[in-house]
Amino acid sequence: MSVAPPWPFPRVLAHRGGGALAPENTIAAIKVGLDRGYRAVEFDAMLAADEIPVLMHDPTLERTGRIGGAVSELAAAELERIDVGGWHSPRFIGETVPTLERTLRFCRDHDIWPNIEIKPVPGFEAATGAAVASVTSQIYADLIRPEGEHTDRFDPRTPLLSSFAPDALIAAREVAPSLPRGWLVDEVPSQWRKELTRLGCVSLHTNHRHLTAAQARDIKRAGKWLFCYTVNSPQRARTVFNWGADAFCTDALDRIPADLTPASPAAAYR
Ligand code: G3P
Ligand code: MG
């Protein structure tokens, strides 16, 4: 057994910027979280046509931009003019798609810790992973420790990259080997140990709905960190913490306090 060192990062993150309270993947959403004491955030990064990463979840603009067309057909400067706030509520009309660079500068300026989900459109996994790692490593260059692949050596302000796409994680590692990376899955697959090792990931990020206490214990006993998405009830948050989960993201910023902590950190997997 190799127990992971203590999770150095915040434990409760606003999902997609501001959870359900604001339009996803916008600076306005991150500000809403900040107003509620959230100084940690998960968001999605996708490539624009000019290979500049922007914050976006869907490959098309239909749902959040209320217009047709693929994100990958527009340059970042064009996306920065598209309203992705009005679909949520009138108060957010005029909120536009931010670049990853602008978002990370906002996070640094406000001491907000980011978990950047690399969200490639199919076929662009490696390009998206490389571009996200490149932008992130430039903005956080002063914090990245060369030996950072080891889980006890991260500056707690260093962003955590994550992705469902193994090729995106591999490309990110090639560009910025010392940025921590997590592998995202829906259900914990049987080969999780082998894949985390192959990808050089420090954490497994899983859908809490399928997670069991035994899986959580095994992941922690393997010396890996465990992140859950998207936990929206305080009771469930306490449960996954009791199982040994290190952190989670939530849409329920109005029900889950940003400073929620495990009752007895890591007690479940000793
Ligand atoms: O990073 C965890 C979570 O965001 C994954 O799901 O679809 O909200 O990006 P999704
Ligand atoms: Mg996400």
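Residues numbered from 1 in each chain as written. Chains lettered and ligands numbered in written order. Predicted model: local features only at pLDDT ≥ 70, side-chain atom pairs only at ≥ 80, totals over all residues. Heavy atoms only, no water.

### A few points about the layout of surface pockets
There is about 270 Å³ of room inside the largest pocket. If you go around the largest pocket, you meet 21 residues; those closest to its centre are H15, R16, E42, Y229 and T230. Across the lining of the largest pocket, the residue classes tally to seven nonpolar, seven polar and seven charged. Each pocket or cavity is described by its volume, and for the second largest pocket that value is around 160 Å³. (1 Å grid on protein atoms, 1.4 Å probe; cavity = no way out; pocket = protein on both sides within 12 Å on 5 of 7 lines; lining within 4 Å. Points joined across faces, edges and corners; volume = space filled by probe spheres on them. Nonpolar A, V, L, I, M, F, W, Y, C, P; charged D, E, K, R; others polar.)

### Overview of unusual backbone geometry
Despite not being glycine, R16 shows a phi value in the positive range, around 55°. For R16, the position within the fold is in the loop between β1 (12-14) and α1 (27-35). A positive phi is found at N25, a non-glycine position, where the angle reads about 55°. Here N25 shows up in the loop between β1 and α1. (Helix = DSSP H or I, 4+ residues; strand = E, 2+ residues; numbered from the N terminus.)

### A look at the site of ligand 1
In the vicinity of ligand 1, the residues found are H15, R16, E42, D44, H57, E117, K119, F164, L184 and Y229. Here R16 contributes a side-chain N or O atom positioned 2.9 Å from an oxygen atom of ligand 1. Separating an oxygen atom of ligand 1 from a side-chain N or O atom of E117 is a distance of 2.8 Å. Taking 290 Å² as the accessible area of ligand 1 by itself, protein coverage stands at 91%. (Near = heavy atom within 4 Å. Polar contact = N/O pair within 3.5 Å; in protein donor to acceptor, adjacent residues only side chain to side chain. Areas by Shrake-Rupley, 256 points an atom, 1.4 Å probe, with all protein chains shown as cover.)

### Some words on the coordination of the magnesium ion (ligand 2)
Listed as protein donors to the magnesium ion (ligand 2) are E42 (OE), D44 (OD) and E117 (OE); their distances from the metal cover 2.0 to 2.2 Å. Read in sequence order, the donor residues for the magnesium ion (ligand 2) give the motif E-x1-D-x72-E. Of this pair, E42 sits in strand β2 (residues 40-47) while E117 sits in strand β4 (residues 113-118), and the two are 75 residues apart along the sequence. Considered together, E42 and E117 belong to a single accessibility category, that of buried residues. (Donors = N, O, S within 2.8 Å, 3.2 Å for Na, K, Ca; no water. Buried < 20%, exposed > 50% of the residue type's maximum accessible area, 1.4 Å probe, protein only.)

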